[in-house]
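Chains, contacts and geometry: an overview
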Amino acid sequence: MKLGISGQALGEVMAFEAIVDVAANYGISHFELWPCNVPGTGFGYRNRDIGVICDMIRRRGITIDCVTLEAAFCETAVESADAYADMLMGAIDAAVAVGAGLVNHYCYYINMDEKPNFVRMEAFWNKPLQYAKEKHVKLVLENEAHDGTRRPELMAAIMEHFHDDAFRTNYDAVNYFHASAEGFPGAYEILKPYIEYVHLKNACLHREGSGQPEENMGAPMSGVYAGNVIQYAPIPDGSVNMAGLLTTLVESGYDGVCTLEPHTTPECVELFYERDTQWLRKQGFFNEPI
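Below: a short report on this structure. No experiment lies behind these values; they were computed from the predicted model shown. (Residues numbered from 1 in each chain as written. Predicted model: local features only at pLDDT ≥ 70, side-chain atom pairs only at ≥ 80, totals over all residues. Heavy atoms only, no water.)

**Side note on the overall build of the protein**
To keep things clear, this is the line we draw: Under the DSSP-based scheme used, a helix requires at least four consecutive residues in state H or I and a strand at least two consecutive residues in state E, with every element numbered from the N terminus. Here the radius of gyration uses the C-alpha set of atoms, whereas the globule reference equals 2.2 Å times the residue count to the power 0.38. Using a 1.4 Å probe on the protein chains alone, a residue whose accessible area is under 20% of its type maximum counts as buried, one over 50% counts as exposed, and one in between counts as partly exposed. Only the protein chains shown count as covering a residue, and every accessible area follows the Shrake-Rupley method with a 1.4 Å probe. When charges are tallied, Lys and Arg are placed among the positive residues and Asp and Glu among the negative ones, while His and the ends of the chain are skipped. Taken as the charge location is NZ of Lys, CZ of Arg, CG of Asp or CD of Glu.
The helix and strand tally for the protein stands at ten helices and eleven strands. Computed over its C-alpha atoms, the radius of gyration of the protein comes to 18 Å, within 12% of the 19 Å expected for a compact globule of 290 residues. Overall, the C-alpha framework of the protein stretches about 45 × 45 × 35 Å when taken along its three principal axes. Counting only residues that meet the buried cut, the protein has 55% of its 290 residues in that class. With an accessible surface of roughly 12100 Å², the protein has 49% of that area assigned to carbon and sulfur atoms. Between the mean site of the 21 positive side-chain charges and the mean site of the 40 negative ones, the protein shows a separation of 4 Å.

**Things to note about the side chain of Lys 201**
Convention followed: Here a polar contact is recorded for every N or O atom pair within 3.5 Å, except that within protein the pair must consist of a potential hydrogen donor and a potential acceptor, and residues adjacent in sequence are included only if both atoms are side-chain atoms. Pairs of residues are marked as contacts when any of their non-hydrogen atoms sit within 4.5 Å.
Turning to its location among the elements, Lys 201 is positioned in the loop between strand S7 (195–200) and strand S8 (202–205). By relative accessible area, which is 3% here, Lys 201 ends up buried. At 2.4 Å, the side chain of Lys 201 forms a polar contact with the side chain of Asp 172. Separated by 3.1 Å, the side chains of Lys 201 and Asn 175 make a polar contact. In this view, Lys 201 contacts Asp 172, Val 174, Asn 175, Tyr 232, Ile 235, Met 242, Glu 261 and His 263; residues no more than four positions away in its chain are not counted.

**Considering the pattern of salt bridges**
Selection criterion: Basic side-chain nitrogens of Lys or Arg form a salt bridge, by our definition, when they fall within 4 Å of a carboxyl oxygen of Asp or Glu.
Counted by the stated rule, this structure contains 16 salt bridges. Note that Asp 165 and Lys 138 form a salt bridge whose closest N and O atoms lie 3.1 Å from each other. Taken together, the residues Asp 165 in the loop between helix H6 (152–162) and strand S6 (167–171) and Lys 138 in strand S5 (residues 138–142) connect sequence positions 27 residues apart. A relative accessible area of 48% means that Asp 165 is categorised as partly exposed. A cluster of three or more residues bridged by salt bridges with shared partners is formed by Glu 17, Asp 21, Asp 55, Arg 59 and Arg 60.

**Concerning the environment of Arg 150**
Here Arg 150 shows up in the loop between S5 and H6. On the basis of relative accessibility, which here comes to 16%, the residue Arg 150 falls in the buried class. Each C-alpha atom of the pair Arg 150 and Asn 175 lies 7.7 Å from the other, and the pair is 25 residues apart in sequence. Setting aside anything within four residues of it in sequence, one finds Arg 150 in contact with Met 112, Asp 113, Glu 114, Glu 144, Ala 145, Tyr 176 and Ala 179.

**Digging into the sheet that holds strand S10 (residues 229–233)**
Where strands meet in a sheet, backbone hydrogen bonds hold them as pairs that are either parallel or antiparallel. Short version of the rule: DSSP calls a pair of strands paired once it identifies at least 2 bridges connecting them. Note on geometry: axes are lines fitted to C-alpha atoms, helical ones only across the stretch in contact, with angles between N-to-C directions running from 0 to 180 degrees.
Taken together, three strands build an open sheet; the order of strands is S8-S10-S9 and the sheet is antiparallel. A single partner strand is all that each edge strand has here, and the edge strands are S8 and strand S9 (217–220). With direction set aside, neighbouring strand axes in the sheet form an average angle of 35°. Alignment of S8 against S10, held across four bridges, turns out to be antiparallel. In the strand pairing of S10, Asn 202 is matched with Ala 233.

**A look at the packing of helix H3 (residues 50–60) against helix H4 (residues 81–98)**
Rules: Oblique is the label for any angle not covered by the other classes, which are roughly parallel (under 35 degrees), roughly antiparallel (over 145) and roughly perpendicular (65 to 115). In this scheme, a crossing is called left-handed if the near helix is turned counterclockwise away from the far one by less than a right angle; it is called right-handed if the turn is clockwise. Residue polarity is assigned by list, with Asp, Glu, Lys and Arg as charged and Ala, Val, Leu, Ile, Met, Phe, Trp, Tyr, Cys and Pro as nonpolar; anything else, Gly included, falls into the polar class.
Where H3 contacts H4, the two axes come as close as 9 Å, and the packing angle between them is 25°. One element, H3, and the other, H4, form an angle in the roughly parallel class. H4 is crossed by H3, and the crossing has right-handed handedness. Side by side, H3 and H4 meet where Ile 50, Ile 53, Cys 54 and Ile 57 of the first sit next to Ala 94, Ala 97 and Val 98 of the second. Each residue belonging to the contact of H3 with H4 can be placed in one class, and the counts come to seven nonpolar, no polar and no charged.

**Examining the sheet that holds S6**
With parallel pairing, the eight strands of this closed barrel are ordered in space as S1-S2-S3-S4-S5-S6-S7-S11. Across the sheet, the axes of successive neighbouring strands diverge by a mean angle of 30°, strand direction being ignored. On the sheet, helix H5 (residues 118–134) packs against strand S4 (102–105), S5 and S6 and is oriented at approximately 140° with respect to S5.

Shown next, in the form of structure tokens:
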């Protein structure tokens, strides 16, 4: 397995080359690219200078494993299925340019209800899926706690509907916890045939008056824990069994990337990186050169 970091956590306050410098402090050279990391404006990658990132890859010897399109979180970006599909294909083009084999995307405003609207999903994803296959790129759908992917059974139904090796899932155990589902082992056992990519973070329930850092509070929980708020934490300090997950990934032969995705303020991101990487290496999960 390889360890990477998401360009999102520091992307709004730091140029991507500076993020590469930060990652180097922790022995990390693998990245998930976000639009905010690429010079330009607007949704997606069409109006951004991806050549700047290509040049950086050559100069710095880094690897972009995944390119993310977050546009599904904006209602205006999904008003037109054709326009959204073009944005997703733009992300595929960006992935090809930087040598990434994966494009991470989301459901959110495409289908927020628990009941899947497969006709609507097809309108947004069928054309990009065919394009991804032509370009030898895989789409990986990330689960979120407040849309139609909130439970692993729902994600599995989507995977089974599209039934394509180029349409897989980005497995985030903590996002399933955010939805009051068992992130591991339950979600993993349901989804293991479809997992192509993994996000690493941890969390627990926020406890009022406990002194938990306010900067690590997240959105309200969904599911049976609705009414509570998620509290993000470094990997060894949360409630989700990430050691079990990582052990299982190693034993299963997973050879992809596990990307650190701390949810905190930019000022605290490196506190997470330091705690996470020290623990991960002490446990022997990422001792090889990265």
